[in-house]
Amino acid sequence: MSWTNGGNGTQTAVIGTEHILLSPATNGTYEFAVNVANLAIMESVELRAYRKILSGGGYVQCWKGTYTGGAVISPAAQMPPIPMPYGGKFTLLQLNGTGRNFDWEASYV
Amino acid sequence: MPGGIGSIATGQTPMANAGAQLATSLGTTVAVNAAANTMGSWVQLVASLPNDINGFDLMVENLPGFHGFLINIGIGAAAAEVVLIPQVSVCSVVSGSGHYLIHIPVALPAGTRISAQAQSSSGGSDTCAVSILYGDSALNDLQTFGAPINYGGDPTNSTGTVVDPGTTANTKGFFTQIAAATTVDIAVLQLMVDSLKSLMAGAFLLDIAIGAAGSEQVILPNIVVVNGTGPFNTTGGGTINQQLPLKRINIPAGTRLSARVQSTQTAAANRKLGLSFLGYPA
């Protein structure tokens, strides 16, 4: 069993904007990771994952992590694997400071 | 931890202290601004962390009597410090007292410089003593969170927000708003109680609530708060510096936080509490 990359890239954050990085429709168990190393001290970024509970339903938040520059010892911010039988959505929102570049990827099995 | 704490076998020190002064048996002296209720200069505690840490214990002591203090812990280079832990409230009623220990569950990478600054309700030549205790993140799996936001700290008084039980003993007073709307989703709440620079007597029970004014819902009921001379001392003489163990409780952004208290005491001078929170983001 190996992971299939669902998407990746580099997002330049706009402060206060929740950027949708990927919204795959493929059934799978997804992991999602973002490199937060570029955050300056006390700049914070929120990462979110959403899934659908019903095939025709809307997105519901299922995971969130907040990371603050200067207070991170593992910059590869990692969402644990979450089943998303009807696909999902992964977002990034930088709260403050100067908009930074964030490398990201989301893979599934 | 699987395999045991093998790092000790390689010679790593389990814990380390930054700030303790062996010559005085106290922490590092941190002077406040000469102006009351104004933060003073930063004082370095750690020039550079030798390893990653999964949080640290903050210890504050040796305050002048009847003065409230707010302590900031900062990170960053000299002259470029940024507040990491805002407005930890500590007070004393007897000169040299006011011991306070609070665990801060924030991870910091190796190389981080840590410093402290303080303000007091009196300013002048006030000082406090500050030190921290920390351990190598490789030796524990303590959960950590993002940098906290302070709700309720009153920088105009160098205490927490005043919560008053009113004049009827052993009866909950009105709810006092601590935060109109939390600014982030909170995963962990850390409660700090102080005695508002006053001699305290008797016993207290504290409720923490969420919800709109008039529709408060208690989420943390009847927290025991005890003054420094015990609950049955009714004549006063104790200091309260109490922090509740970290509460793993999810509170969405936009939530109104409030509190109410009851006490055995009815005199205005020693029935009120100062209250503030550190909210760690989800």
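Details of the structure are given in the entry above.
Sequence order as written defines the numbering, with residues in each chain counted from 1. Chain A is the first chain written and ligand 1 is the first ligand written, with later ones labelled in order. Note on the predicted model: pLDDT of at least 70 is required for a residue's local features to be given, and 80 or more for side-chain atom pairs to be given and counted; whole-chain, interface and lining totals, by contrast, use all residues. Excluded from the side-chain calculation are hydrogens and water; included are all heavy atoms of the structure.

*Asks:* Can you walk me through the overall build of chain A in this structure?
*Replies:* Secondary structure elements follow DSSP: runs of H or I no shorter than four residues count as helices, runs of E no shorter than two count as strands, and numbering proceeds from the N terminus. What chain A contains, in helices and strands, is 0 helices and 8 strands. Along chain A, from the amino end to the carboxyl end, the secondary structure elements read β-β-β-β-β-β-β-β. If one aligns the C-alpha atoms of chain A with their principal axes, the spans along those axes are about 40 × 30 × 20 Å. Taken over 109 residues, chain A has a buried fraction of 48%. For chain A, the proportion of contacts with a sequence separation of at least 24, taken over those separated by at least 6, is 78%. For the accessible areas, the method is Shrake-Rupley and the probe is 1.4 Å, while residue cover comes only from the protein chains on display. Only carbon and sulfur atoms are counted for the fraction: they give 51% of the accessible area of chain A, which is about 5000 Å². We treat Lys and Arg as the positive residues and Asp and Glu as the negative residues; His and chain ends play no part in the count. A charged residue contributes its charge at one atom only: NZ of Lys, CZ of Arg, CG of Asp or CD of Glu. The centroid of the 6 positive side-chain charges in chain A is displaced by 10 Å from the centroid of its 6 negative side-chain charges. Exposed residues in this analysis have more than 50% of their type's maximum accessible area, buried residues have under 20%, and partly exposed residues fall in between, with area computed by a 1.4 Å probe over protein chains only. Contacts between residues were defined by any pair of non-hydrogen atoms, one from each residue, lying within 4.5 Å.

*Asks:* Would you mind going over the interface of chain A and chain B with me for this structure?
*Replies:* How large an interface is tends to be reported as the accessible area lost when its parts come together. Each side of the interface is counted separately: chain A has 12 residues, and chain B has 19 residues. Both sides of the chain A and chain B interface together cover about 1100 Å² of buried area, and 65% of this is carbon and sulfur. Every case where a carboxyl oxygen of Asp or Glu lies within 4 Å of a side-chain nitrogen of Lys or Arg is listed as a salt bridge. The interface formed by chain A and chain B contains 1 salt bridge. Any pair of nitrogen or oxygen atoms within 3.5 Å is treated as a polar contact; in protein, a donor-acceptor pairing is required on top of that, and neighbouring residues in sequence qualify only through side-chain atoms on both sides. The interface formed by chain A and chain B holds 3 residue pairs in polar contact (both at pLDDT 80 or more) in total. Of the residues forming the side of chain A that touches chain B, the biggest block, 4 residues, is contributed by strand β5 (residues 59–68) of chain A. Here the residues of the side of chain A that touches chain B sort into 5 nonpolar, 5 polar and 2 charged. Throughout, the accessible surface (probe 1.4 Å) given up by two parts as they are put together, summed over both, is called the buried area. Gly falls in the polar group here, along with every residue not listed as nonpolar (Ala, Val, Leu, Ile, Met, Phe, Trp, Tyr, Cys, Pro) or charged (Asp, Glu, Lys, Arg).

*Asks:* Looking at this structure, how should I read the sheet that holds strand β4 (residues 44–52) of chain A?
*Replies:* Strands pair in a sheet through their backbones, by hydrogen bonds, and they do so in one of two ways: parallel or antiparallel. All names here are of chain A. Two strands are counted as paired when DSSP detects at least two bridges linking them. Judged by pairing direction, the sheet is antiparallel, and its 4 strands sit side by side in the order β2-β7-β4-β5 without closing on themselves. Both edges of this open sheet fall to β2 (18–22) and β5, since each of them pairs with a single strand only. Pairwise comparison of adjacent strand axes, ignoring direction, gives a mean angle of 25° for this sheet. To get an axis, fit a line to the C-alpha atoms, keeping to the stretch in contact for a helix; angles then go from 0 to 180 degrees between the N-to-C directions.

*Asks:* Even after reading the chapter, I still don't get the nonpolar core, so can you show me in this structure?
*Replies:* One broad trend across soluble globular proteins is that nonpolar side chains are buried collectively. Residue and element names in this part refer to chain B. As used in this record, nonpolar core signifies buried Ala, Val, Leu, Ile, Met, Phe, Trp, Tyr and Cys residues forming a set joined through side-chain atoms within 4.5 Å. Phe56 and Leu58 are the most contacted members of the largest nonpolar core, which has 40 residues in total. Ranked by residues supplied to this core, first place goes to strand β7 (residues 100–108) with 5 residues. In this structure, Val163, Val193, Ile249 and Ile251 belong to the second largest nonpolar core, which totals 25 residues.

*Asks:* I tried to follow the sheet that holds strand β3 (residues 43–46) of chain B on my own but got confused; where do I start?
*Replies:* Residues and elements named next belong to chain B. The 4 strands lie next to each other as β3-β8-β5-β6, forming an open sheet whose pairing is antiparallel. On the outer flanks of this sheet lie β3 and β6 (82–92), each paired with one strand and no other. Ignoring strand direction, the axes of neighbouring strands in this sheet form an average angle of 30°. As paired elements, β3 and strand β8 (residues 114–120) share 3 bridges and run antiparallel to each other. In the strand pairing of β8, valine 43 is matched with alanine 116.

*Asks:* What am I meant to see in the state of the cysteines here?
*Replies:* Defined by distance alone, a disulfide is two cysteine sulfur atoms within 2.5 Å. Applying the stated criterion across every chain, the model contains 0 disulfides over all chains. Left unpaired, cysteine 91 of chain B is separated from the closest cysteine sulfur, that of cysteine 128 of chain B, by 13 Å.

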